[in-house]
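Descriptive structure summary
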Amino acid sequence: MAAAAPADAKAEAAKMDLLEDDDEFEEFEIDQEWDDKEDGNEAVQQWEDDWDDDDVNDDFSLQLRKELEGGNTQKS
Amino acid sequence: MAAYLSMGEAHRRIADYLSRLDDAISQSDGADLASLLAISSAPASTPLSDALAAFPDFPRLASDRFPHLSDFLPPLLRAIHSHSLRRFGDAYSSFEKAASAFLQEFRNWETPWAMEAMHMVALEIRLLAEKADRELVMSGKNPDKLQAAGSFLMKVFGALAVKGPKRVGALYVTCQLFKIYFRLGTVNLCRSVIRSIETARNFDFEDFPVKDKVTYMYYTGRLEVFNENFLVADQKLTYALMHCNPQSESNLRKILKFLIPVKLSIGVLPRRTLLEKYNLLEYADIVTSLRRGDLRLLKQALDRHEDQLLKCGVYLVLEKLELQVYRRLVKKIHIIQREKEPSKAHQIKLDVLVKTLQWLGITMDVDEVECIMACLIYKNLIKGYFAHKSKVLVLSKQDPFPKLNGKPV
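Owing to the predicted nature of the structure, the values given are computational and were not obtained by experimental measurement.

On to the overall build of chain A. The secondary structure content of chain A amounts to 2 helices and 1 strand. Listed N to C, the secondary structure of chain A is α-β-α in terms of helices and strands. Carbon and sulfur atoms form 47% of the exposed surface of chain A, whose accessible area is close to 5,000 Å².

Right, let's talk about empty space enclosed by the protein for a bit. Under the criterion given, the structure shown has 3 cavities of 30 Å³ or more. Estimates place the volume of the second largest cavity at around 80 Å³. Taken together, A:F25, A:E26, A:E27, A:F28, B:Y172, B:C175, B:Q176, B:K179, B:K211, B:D212 and B:T215 form the lining of the second largest cavity. When contributions to the lining of the second largest cavity are tallied by element, the ones reaching two or more residues are α9 (170-184) and α11 (210-226) of chain B.

This next bit is on the domain arrangement of chain B. All names here are of chain B. Split into domains, chain B comes out as domain 1 (7-208), domain 2 (228-320) and domain 3 (329-395). Between domain 2 and domain 3, the residue contacts involve 7 residues of the former and 7 residues of the latter. For the pairing of domain 2 and domain 3, the buried interface totals around 530 Å² over both sides, and the portion due to carbon and sulfur atoms is 57%. Three residues stand out in domain 2 for area buried against domain 3, namely G293, L295 and R296, and they jointly supply 68% of the buried area on that side. Between the two partners, domain 2 and domain 3, sit 0 salt bridges. Seen at the junction of domain 2 and domain 3, the total is 1 residue pair in polar contact (both at pLDDT 80 or more). Looking at the side of domain 2 that touches domain 3, the elements that each hand over two or more residues are α15 (284-292) and α16 (295-304). Broken down by element, the residue count for the side of domain 2 that touches domain 3 peaks at 3 residues, all from α16.

On to the nonpolar core, then. For soluble globular proteins, nonpolar side chains are generally found buried alongside one another. Counting 162 residues, the largest nonpolar core has B:I14, B:F72 and B:M373 as the members making the most contacts within it. The contact partners of B:F72, leaving out residues within four places of it in the chain, are B:I25, B:L37, B:A98, B:A101 and B:F102.

Turning our attention to the environment of B:R107. Residues and elements named next belong to chain B. Here R107 lies in helix α6 (residues 88-108). By relative accessible area, R107 is classed as partly exposed at 40%. The spatial distance from the C-alpha of R107 to the C-alpha of K311 is 40 Å, given a sequence separation of 204 residues. Filtering out sequence-adjacent residues up to four positions away, R107 remains in contact with K155, A159 and K166.

The next point concerns helix α4 (residues 58-65) of chain B. All names here are of chain B. Along α4, the residues that are buried comprise F58, P59, L61 and A62. Buried positions in α4, seen along its axis, are confined to an arc of 160° and lie on one side of it. Those residues of α4 that are exposed and angled more than 90 degrees off the buried face are R60 and D64. Contacts made by the buried residues of α4 are with α1 (7-26), α3 (47-54) and α5 (73-84).

Low pLDDT means the predicted atomic positions in that stretch should not be read closely. Residues and elements named next belong to chain B. Overall, the predicted model of chain B reaches an average pLDDT of 94, with 99% of residues at or above 70. The lowest-confidence element of chain B is helix α17 (residues 306-311), averaging 91 in pLDDT; the highest-confidence one is α5, averaging 98. Overall fold confidence (pTM) sits at 0.91, and the ipTM for the predicted complex is 0.88.

This part is about the pattern of salt bridges. Residues and elements named next belong to chain B. All told, the structure shown has 37 salt bridges over all chains when counted by the stated rule. A salt bridge links K391 to D367; the shortest N-O distance between them is 3.9 Å. Placement of K391 in the loop between β3 (384-387) and β4 (392-395) and of D367 in helix α21 (residues 366-378) is noted, with a sequence separation of 24 residues between them. With a closest N to O distance of 3.7 Å, K391 and E370 form a salt bridge. Here K391 is found in the loop between β3 and β4, whereas its partner E370 is found in helix α21, with 21 residues between them in sequence.

Once that is clear, we can look at the packing of α1(B) against α4(B). Residue and element names in this part refer to chain B. In contact at an axis separation of 11 Å, α1 and α4 are set at 45° when each is read in the N-to-C sense. Looking at the two axes, α1 sits oblique to α4. The chirality of how α1 crosses α4 is right-handed. Packed against α1, whose contacting residues are H11, I14, A15 and L18, the element α4 presents F58, L61, A62 and R65 at the interface. Residue classes in the contact of α1 with α4 are distributed as 6 nonpolar, 1 polar and 1 charged.

All names here are of chain B. In a regular helix each residue adds 1.5 Å, so 13 residues correspond to 18 Å; α21 covers 18 Å between its end C-alpha atoms and thus fits that length. Within α21, the full set of buried residues consists of V369, E370, I372, M373 and L376. Summarising the axial view, the buried residues of α21 lie within an arc of 165°, below the 170-degree limit, and thus occupy one face. Exposed residues lying more than 90 degrees from the buried face of α21 are D367, C371 and Y378. Looking at the packing, one finds that the buried side of α21 touches α19 (322-340), α20 (350-359), β3 and β4. A positive backbone phi angle near 60° is found at N380, which sits one or two residues after α21.

What counts and how
- Residues numbered from 1 in each chain as written.
- Chains lettered and ligands numbered in written order.
- Predicted model: local features only at pLDDT ≥ 70, side-chain atom pairs only at ≥ 80, totals over all residues.
- Heavy atoms only, no water.
- Helix = DSSP H or I, 4+ residues; strand = E, 2+ residues; numbered from the N terminus.
- Areas by Shrake-Rupley, 256 points an atom, 1.4 Å probe, with all protein chains shown as cover.
- 1 Å grid on protein atoms, 1.4 Å probe; cavity = no way out; pocket = protein on both sides within 12 Å on 5 of 7 lines; lining within 4 Å.
- Points joined across faces, edges and corners; volume = space filled by probe spheres on them.
- Domains from an automatic or database assignment.
- Contact = heavy atoms within 4.5 Å.
- Buried area = accessible area lost by both parts, 1.4 Å probe.
- Salt bridge = Lys/Arg side-chain N within 4 Å of Asp/Glu carboxyl O.
- Polar contact = N/O pair within 3.5 Å; in protein donor to acceptor, adjacent residues only side chain to side chain.
- Core = buried A, V, L, I, M, F, W, Y, C linked by side-chain atoms within 4.5 Å.
- Buried < 20%, exposed > 50% of the residue type's maximum accessible area, 1.4 Å probe, protein only.
- Arc of directions from axis to C-beta.
- pLDDT = per-residue confidence, 0-100.
- Axes fitted to C-alpha atoms, helices over the stretch in contact; angles between N-to-C directions.
- Parallel < 35°, antiparallel > 145°, perpendicular 65-115°, else oblique.
- Left-handed = near helix turned anticlockwise from the far one by under 90°.
- Nonpolar A, V, L, I, M, F, W, Y, C, P; charged D, E, K, R; others polar.
- Expected span 1.5 Å × (residues − 1).

Structure, rendered in structure tokens:
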């Protein structure tokens, strides 16, 4: 806890830091209500779980292929 | 400085404020009462604060006129006065006295008519304590007001988290407590209130107001991230995302800031449009690195945003994505080999991995690579075994790269 720390500059800075929380949730107004839709906010639909495909035609894979082939020619 | 104010006018303004408070109480008007208690957002000079400055005997005025509220009104006026003078420590101390008196009254009221006002008191005491603590730090003193506000709010919580009609207001106070504990870094104190909320037999969580449920799920979701319970964190933060006010972009962004690392850890990627819309592009390269199997890009992205990611406590979660990126890279090597020479595709020479890593700027010897592959097999990210002598990773012919399927690594 912030309490009994020695009063050097570093501890002071840490104390100040404790008084901040960048990720603090903003207060909704006390009487604020909103339409709580059945299917929720659209952000809920913005995800992919089928990305782990067999496609190796992107730039990175093409470079990787070149790299692997280069390695093979060196060996043989 | 405020313009000259006659004693008569000052007296009239103070009496007027006090009558409105007394009326709100006698008419059980919770909304009006709440609005009269919002003092921390007031500018330095208001008609009321000018009047308090011009009429120093205001505590007596209050207790003479409204003797039945003599524990509540004088300290409330003192708090307003000190706040207008920017003496936040004093303002806090007076407000805490008024708040205790108010809580006493609130306990005695059978119906929850004053809930909005009780919530305003809970909010105000936190905001005033934060101002007071900043003042204390500046003058080299120990900032202990926010902690004191936490103790007071525990009493409020105790008055609400009981059987009966007041219970619906308990979650709001819980959320105020979370904000205090997160700020003070004493998040372990959240546990007892969480238990009290979650084990209630006679109150359904869904019956709490949606704004409180969303805030509660945001904070408990963050706690689960710290505890590395990614599946529960996913549920809670997804709930918050789903039900949050769609107009509240900054809160949606905060939810996503924690939900994205959690989703990544279970193998689910956010779309680019989501990152753009909520200005969370610090995650863009990390997502790309997973798609590609690009270890160099992952390291670069983590290095670049290290401070920021450490600060919000998700760095360690993201660091663990390395194994998923390794898996993706091995998978790509496997696919490319399969196209060339299908019969030998399931044999991956460790030598090839060493060279590939070198190409990505990572220097590792065969033993280290073997160690990482062993880890991938152990974690069931890859199915296969080692031909140790010939330094080959032999992939299983059946489903060599099992899907994460929402399981954390």
